[in-house]
Amino acid sequence: DAGVIQSPRHEVTEMGQEVTLRCKPISGHDYLFWYRQTMMRGLELLIYFNNNVPIDDSGMPEDRFSAKMPNASFSTLKIQPSEPRDSAVYFCASSNPTGQITDTQYFGPGTRLTVL
Amino acid sequence: DQQVKQNSPSLSVQEGRISILNCDYTNSMFDYFLWYKKYPAEGPTFLISISSIKDKNEDGRFTVFLNKSAKHLSLHIVPSQPGDSAVYFCAASDGWYSGGSNYKLTFGKGTLLTVNP
């Protein structure tokens, strides 16, 4: 399998612009997670989906952030309008938990976002 | 309030010696704990896990110890190798292993391990 695919890998934009990050989970995984990594806050969960339905979005920082999962193989995280403090690395992860000790989440390579 | 804490931002050890990375948690409902390793410009990758019914899990050079009463876990790497140099994240869940439906992970901020040749 190709693993979790994220695009773009790097994004540089100006304050006020709309940013869309994309994720393709591992085929067959029914959970999808969006994380943000910053120096100050570490790796924090923004939102996660189960079978394309948002389950917990309590980590989404503001209404400027939105996420969708229109089908099992694609998800987007949108920031509109973007601000410099949104600069971070955004990770997508997927999993197919079965209650076993080997369960884990598989992470994509991340999108490094810089908002000027 | 951080529920998973890695109080050492960095650790430096000599090749061949033991590396010990520590993690503390505050939520007594956590029942599944994982360690992830992250190289620069890559996503975190799973390393090893432990459920709350155990106090030790081993996988090759990596051993995770869990002390529930102290709400503390540690990752031991023996012997340490230069290729182990990376950021290590501790993570926890309060419903995964027990068969619940909460597969949300809470991560610590990470510890940068440097193994010197």
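Sequence order as written defines residue numbering, which begins from 1 separately in each chain. Chain letters start at A and ligand numbers start at 1, both assigned in the order the entries are written. For a predicted model such as this one, the threshold for reporting local features is a pLDDT of at least 70, and the threshold for listing and counting side-chain atom pairs is 80 or more; totals across whole chains, interfaces and linings nevertheless cover every residue. Computation of side-chain values: all heavy atoms of the structure, hydrogens and water removed.

Where do I start with the side chain of Ser 82 of chain A in this structure?
All names here are of chain A. For Ser 82, the position within the fold is in the loop between strand S8 (74-79) and strand S9 (88-95). Classification of Ser 82 as buried rests on a relative accessible area of 1%. At 3.5 Å, the side chain of Ser 82 and the backbone oxygen of Glu 14 are in polar contact. By the convention used here, residues are in contact when the closest approach between their heavy atoms is within 4.5 Å. For Ser 82, the residues in contact, after removing those within four places along its chain, are Thr 13, Glu 14, Met 15, Gly 16, Gln 17, Val 19, Arg 64 and Val 115. Runs of H or I in DSSP of at least four residues are treated as helices and runs of E of at least two as strands, each being numbered from the N terminus. Each residue is assigned to one of three classes by its accessible area relative to the maximum for its type, calculated with a 1.4 Å probe on protein chains only: buried under 20%, partly exposed between the two thresholds, exposed over 50%. Polar contact criterion, stated in full: a pair of N or O atoms within 3.5 Å, where within protein one must be able to donate a hydrogen and the other to accept it, and residues adjacent in sequence count only if both atoms are side-chain atoms.

Where do I start with the sheet that holds strand S3 (residues 19-24) of chain A in this structure?
One key point about sheets: their strands pair by backbone hydrogen bonds, in either a parallel or an antiparallel sense. All names here are of chain A. A sheet is described by the order of its strands in space; here 4 strands give the open sequence S1-S3-S8-S7, paired in antiparallel fashion. Whereas interior strands pair on both sides, the edge strands pair on one side only; in this sheet they are strand S1 (5-7) and strand S7 (65-71). The sheet shows a mean angle of 15 degrees between the axes of neighbouring strands, taken without regard to direction. A pair of strands counts as paired when DSSP detects no fewer than two bridges linking them. Looking at chain direction, S3 and S8 are connected through 5 bridges and run antiparallel. In the sheet register, Leu 21 faces S8, and the bridge partner there is Leu 77. Whenever a helix is involved, its axis is fitted only over the stretch in contact; in every case the axis is a line through C-alpha atoms, and angles between N-to-C directions fall within 0 to 180 degrees.

Looking at this model, I keep getting lost on the interface of chain A and chain B. Mind explaining?
Accessible area lost on assembly of the parts is the figure often given for the size of an interface. Taken together, the 25 residues of chain A in the interface contact 24 residues of chain B. As used here, buried area is the combined drop in accessible area, with a 1.4 Å probe, of two parts when they are placed together. Interface area, chain A with chain B, both sides summed: about 1900 Å², of which 58% is carbon and sulfur. Whenever a carboxyl oxygen of Asp or Glu lies within 4 Å of a side-chain nitrogen of Lys or Arg, that contact is scored as a salt bridge. Seen at the junction of chain A and chain B, the total is 1 salt bridge. Measuring nitrogen to oxygen at the nearest pair gives 3.0 Å for the salt bridge that ties Lys 104 of chain B to Asp 56 of chain A. At the boundary of chain A with chain B, the tally comes to 5 residue pairs in polar contact (both at pLDDT 80 or more). The class makeup of the residues in the side of chain A that touches chain B is 12 nonpolar, 9 polar and 4 charged. Side-chain classes are defined by residue name, with Ala, Val, Leu, Ile, Met, Phe, Trp, Tyr, Cys and Pro counting as nonpolar, Asp, Glu, Lys and Arg as charged, and the others, Gly among them, as polar.

I'm lost on the environment of Val 89 of chain A in this one. Help?
All names here are of chain A. Structurally, the position occupied by Val 89 is in strand S9. In this structure Val 89 comes out as buried when scored by relative accessible area, which is 11%. Discounting chain neighbours no more than four positions away, the residues touching Val 89 are Tyr 35, Arg 36, Gln 37, Gly 110, Thr 111 and Arg 112.

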